[in-house]
Amino acid sequence: MTKRVVITGVGAVTPVGIGAETTWQALLAGQSGIRRIQAWDPGNLEVQIAGEVQGFNAKDHMDFKLAKRMDRFAQFGVAAAREAIEQSGLVIDENNSERVAVVVNTGGGGIPTIEHDVNAMHDRGQKYVSPLLIPLFAPNMASCQISIAYGIHGPSITSAAACASGIQAFIDAYHMFQRDEADVILTGGTESGITPVAVAGLANMHALSKRNDDPAGASRPFDSDRDGFVFSEGGVVFVLETEEHAINRGASIIAEVHGGAYTSDAFHITAPHPEGRGAATAMRKALERANLQPNDVDYVAAHATATNIGDIAETNALKSVFGDHAYKLAISANKSMVGHLLGAAGAVSSLGCVMAIRDNMVHPTINLHNPDPACDLDYVPNVKRELPVNVALANGFGFGGQNAVALFSRYSA
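Residues numbered from 1 in each chain as written. Predicted model: local features only at pLDDT ≥ 70, side-chain atom pairs only at ≥ 80, totals over all residues. Heavy atoms only, no water.

Novice: Is there a simple way to think about the packing of helix 3 (residues 72–88) against helix 6 (residues 141–150) in this case?
Specialist: A pair of packed helices is captured by two measures, namely the crossing angle of their axes and the spacing between those axes. It is at 8 Å that the axes of helix 3 and helix 6 come closest, and there the two elements cross at 45 degrees. In terms of their interaxial angle, helix 3 and helix 6 are classed as oblique. In the packing of helix 3 onto helix 6, the handedness of the crossing is right-handed. Along its contact with helix 3, which presents F73, A74, G77, V78, A81, R82 and I85, the element helix 6 presents M141, A142, Q145, I146, A149 and Y150. Residues belonging to the contact of helix 3 with helix 6 are distributed by class as follows: 10 nonpolar, 2 polar and 1 charged. (Axes fitted to C-alpha atoms, helices over the stretch in contact; angles between N-to-C directions. Helix = DSSP H or I, 4+ residues; strand = E, 2+ residues; numbered from the N terminus. Parallel < 35°, antiparallel > 145°, perpendicular 65-115°, else oblique. Left-handed = near helix turned anticlockwise from the far one by under 90°. Contact = heavy atoms within 4.5 Å. Nonpolar A, V, L, I, M, F, W, Y, C, P; charged D, E, K, R; others polar.)

Structure below.
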């Protein structure tokens, strides 16, 4: 018998706000969190803008000694988990800790730690390399630090699936519930890799927007004038539970999770298949597994990186899966406001789906002033929209051709 999986809490740390509700209201208002890089001087770099989290102080969200043993990406994960746990009213203790799990993914892990210590080794020698280098940058450390912070003794799992990571977390968690491995799973994604070398590498790949003089207008999904994505950071974590567990403890249910599907393009290390073949297959499989029809979907949180081929491929995939209904879907791109959080991008999209279901409101795609003729669907341009949302789909597509799709719906007992 398939177990129903529900969401009872969500926490977020993003470029548009610290807190899930703050983030959601900023998205509805069409606020951009993209600006000139402030954490370090971008100098004369070709790309000088990013979506940085502003005003984050780790000690406000966790024990200071614990925070000192974390890279920034893990700090975001722990902070988001704390908010999600508090919102859900979940108490984790010796009576249930073995039935609680963590599945929080990332794309790159502790990139700033690696870059800092490589420079330290080069400039000053071996003794200046941190003895905590490995446990600071290891990608699994967000999940592990959450388990340490909250005494969680169930599985702690991390998958690095590039920009599909945040969606894949939901699919893996859903499968764990069906295998009866947990009653509660903290699920999501976190990322903080904005460093000089990482920015330079992505710029040299011609993946990033170069609108240094217009940061808020730099990310332009589906617009004819788009010139690449904006590198960003942040973390979003959800509390997922079996329906039975949530009801038994009297939890307030926000939405239901229907799992999803993932596929591979087997095409290119960075470019998607031009027709979105793998993405379309993932969407079809996700719908089939949830016993849903294409016409059941009201809203799509698009991956929408604002790259030329990526936005067209996703549009093609949506048309392939949804047919005429594709033109009736509300589709929006949070990356127009928060940029691309890589391993956490899908978790932000999932937040958009869950909140849209909760509020019957869809956030806009900002900076969409000159639509690409090849991208001719309804991308909710520039202004939020009130809309009944009962079923929402979130896309996450990553380097290497990894595609992940998750489905959410309004909960009904």
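After that view, the rundown keeps rolling.
Novice: Would you explain the pattern of salt bridges in this entry?
Specialist: Opposite charge on two side chains makes pairing possible when the charged atoms of those side chains draw close. In total, this model carries 19 salt bridges according to the counting rule given. In this structure, R385 engages D378 in a salt bridge whose closest nitrogen and oxygen atoms are separated by 2.6 Å. Classification of D378 as partly exposed rests on a relative accessible area of 23%. Through salt bridges with shared partners, a single network forms among K3, R99, D180 and D183. (Salt bridge = Lys/Arg side-chain N within 4 Å of Asp/Glu carboxyl O. Buried < 20%, exposed > 50% of the residue type's maximum accessible area, 1.4 Å probe, protein only.)

Novice: Can you help me understand the packing of aromatic side chains in this one?
Specialist: For any pair of aromatic rings, the description rests on two quantities: the centre-to-centre distance and the angle between the ring planes. Going through the model one piece at a time under the given rule, you end up with 4 aromatic pairs. Here F170 and F408 contribute two aromatic rings whose centre-to-centre distance is 5.2 Å and whose plane-to-plane angle is 85 degrees, an arrangement assigned as edge-to-face. In this pair, F170 sits in helix 7 (residues 165–178) while F408 sits in strand 15 (residues 402–409), placing the two residues 238 residues apart along the sequence. Each member of the pair F170 and F408 is classed as buried. Judged by centre distance (3.7 Å) and plane angle (10 degrees), the ring pair of F222 and Y379 falls under stacked. Of this pair, F222 sits in the loop between helix 8 (196–204) and strand 8 (234–242) while Y379 sits in the loop between strand 12 (361–362) and strand 13 (385–386), placing them 157 residues apart in sequence. Just as F222 is buried, Y379 falls in that class too. (Phe/Tyr/Trp six-rings, centres within 6.5 Å; stacked < 30°, edge-to-face > 60°.)

Novice: What am I meant to see in the nonpolar core here?
Specialist: The nonpolar side chains of a soluble globular protein tend to be buried, and buried together. F238, L240, Y299, L351 and F408 are the most contacted members of the largest nonpolar core, which totals 55 residues. The next biggest cluster of nonpolar side chains, apart from the first, holds 32 residues, and it includes A58, L66, A67 and V237. (Core = buried A, V, L, I, M, F, W, Y, C linked by side-chain atoms within 4.5 Å.)

Novice: What exactly am I supposed to notice about the environment of S147 here?
Specialist: Looking at the secondary structure, you find S147 in helix 6. C-alpha of S147 to C-alpha of E241: the two residues are 94 residues apart in sequence and 16 Å apart in space. If near-sequence neighbours (up to four positions away) are discounted, S147 is found in contact with V102, I152 and S156.

Novice: When you look at the environment of G108 in this model, what are you seeing that I'm missing?
Specialist: Here G108 shows up in the loop between strand 5 (100–105) and helix 4 (111–124). The spacing of G108 and L66 is 42 residues in sequence and 21 Å in space, taken between C-alpha atoms.

Novice: Would you mind going over helix 8 with me for this structure?
Specialist: For the α-helix, the turn length of 3.6 residues means that residues three or four positions removed from each other point alike. Of the positions making up helix 8, those classed as buried are A198, V199, L202 and A203. Take helix 8 and look down its axis: the buried residues cluster within an arc of 130 degrees, on one side only. Of the residues in helix 8, the exposed ones pointing more than 90 degrees away from the buried face are V197 and N204. If you follow the buried residues of helix 8, they end up packed against helix 4. Of the residues flanking the end of helix 8, it is H206, one or two places downstream, whose phi is positive at about 65 degrees. (Arc of directions from axis to C-beta.)

Novice: Any chance you could explain unusual backbone geometry here in plain terms?
Specialist: For residues besides glycine, phi is generally negative; the peptide bonds are generally trans as well. Its identity is not glycine, yet D180 carries a phi of approximately 60 degrees, on the positive side. Judged by its relative accessible area of 40%, D180 is partly exposed. The phi torsion at L342 lies on the positive side, around 50 degrees, for a residue other than glycine. Mapping L342 onto the fold places it in the loop between helix 12 (335–338) and helix 13 (345–359). Residue L342 is classed as buried on the basis of its relative accessible area, which comes to 17%.

Novice: Got a minute to help me understand the side chain of T190 in this structure?
Specialist: By secondary structure assignment, the location of T190 is in strand 7 (residues 184–191). Given the relative accessible area of 0%, T190 is considered buried. Within the structure, the side chain of T190 is placed 2.6 Å from the backbone oxygen of F73, a separation counted as a polar contact. What T190 contacts, discounting residues up to four positions off in sequence, is F73, F76, G77, V104, N105, T106, A142, G234, G235, G343 and A344. (Polar contact = N/O pair within 3.5 Å; in protein donor to acceptor, adjacent residues only side chain to side chain.)

Novice: Explain the pairing of strand 14 (residues 391–398) here, please?
Specialist: Within a regular strand, the side chains alternate between the two sheet faces. Counting buried residues along strand 14, 8 of its 8 residues qualify, which places the element largely inside the surrounding structure. Every second residue of strand 14 is oriented toward a common face, with V391, L393, N395 and F397 on one face and A392, A394, G396 and G398 on the other, all of them buried. Pairing of strand 10 (residues 299–301) with strand 14, which is carried by 3 bridges, proceeds in the parallel orientation. Paired with V300 across the bridge in strand 14 is L393. (Pairing = 2+ DSSP bridges.)

Novice: When you look at the packing of helix 1 (residues 20–28) against helix 13 in this model, what are you seeing that I'm missing?
Specialist: At a minimum axis distance of 11 Å, the contact between helix 1 and helix 13 shows a crossing angle of 80 degrees. Considered as vectors, helix 1 and helix 13 are oriented roughly perpendicular to each other. Residue-level inspection shows A20, E21, W24 and L27 of helix 1 in contact with helix 13, the latter providing L351, G352, M355, A356, R358 and D359. Counted by class, the contact of helix 1 with helix 13 contains 6 nonpolar, 1 polar and 3 charged residues.

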